[in-house]
Amino acid sequence: MAWVALVIAGICEMMGVFMISKYNDVKSVKNLVLMIVAFTVSFLGLAFAMETLPMGTAYAIWTGIGAAGGALLGMFFFNESKDWRRIVCIALVLGAAICLKLLS
């Protein structure tokens, strides 16, 4: 259950970052509330996962999902570069998170 909570927390971290960008484009109460809810669920999910999982592993995977997901969201929704080197770096981040899971 901790791993499921951690993945959901990472996805909510991605959504929080996405909503920061949306809020900067359109300053609305809806965007602000969605951003706050996404980050709240993200932190609560991380806290729940850390009750069972080692702190270093949980935090690294949470930030890896958020960082890689944020970069992918930027590529698909905000016309950021889709250069192959960026994709390789994202794959490295995800690979490191998978290796941490396998080692723990």
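Everything in this summary refers to the structure shown in the same document. Quantities reported herein were computed from a predicted structural model and do not represent experimental measurements.

### What to know about the overall build of the protein
Across its full length, the protein holds 4 helices and 0 strands. In sequence order, the protein lays out its α and β elements as α-α-α-α. Taken over 104 residues, the protein has a buried fraction of 34%. Long-range pairs, those at least 24 residues apart, make up 64% of the contacts in the protein between residues at least 6 apart in sequence. Side-chain charges of the protein comprise 7 positive and 5 negative groups, with the mean position of each set lying 6 Å from the other.

### Re the packing of helix 3 (residues 55–77) against helix 4 (residues 84–103)
Closest axis-to-axis distance for the helix 3/helix 4 pair is 9 Å, and the angle between their directions is 160 degrees. For the element pair helix 3 / helix 4, the angle class is roughly antiparallel. Between helix 3 and helix 4 lies a crossing of left-handed hand. Only Arg 86, Ile 87, Ile 90, Val 93, Leu 94, Ala 97, Leu 100 and Lys 101 of helix 4 make contact with helix 3, whose side of the interface consists of Thr 57, Ala 60, Ile 61, Gly 64, Ala 68, Ala 71, Leu 72 and Met 75. Among the residues forming the contact of helix 3 with helix 4, the class breakdown is 12 nonpolar, 2 polar and 2 charged.

### Some points on helix 1 (residues 2–25)
Taking 1.5 Å per residue, 24 residues should reach 34 Å; helix 1 reaches 35 Å between its end C-alpha atoms and fits that length. Of all the positions in helix 1, only Ala 2, Ala 5, Leu 6, Ala 9, Gly 10, Cys 12, Glu 13, Met 14, Gly 16, Phe 18 and Met 19 are classed as buried.

Scoring rules and cut-offs
Residues numbered from 1 in each chain as written. Predicted model: local features only at pLDDT ≥ 70, side-chain atom pairs only at ≥ 80, totals over all residues. Heavy atoms only, no water. Helix = DSSP H or I, 4+ residues; strand = E, 2+ residues; numbered from the N terminus. Buried < 20%, exposed > 50% of the residue type's maximum accessible area, 1.4 Å probe, protein only. Contact = heavy atoms within 4.5 Å. Lys, Arg positive; Asp, Glu negative; His and termini not counted. Charge placed at Lys NZ, Arg CZ, Asp CG, Glu CD. Axes fitted to C-alpha atoms, helices over the stretch in contact; angles between N-to-C directions. Parallel < 35°, antiparallel > 145°, perpendicular 65-115°, else oblique. Left-handed = near helix turned anticlockwise from the far one by under 90°. Nonpolar A, V, L, I, M, F, W, Y, C, P; charged D, E, K, R; others polar. Expected span 1.5 Å × (residues − 1).

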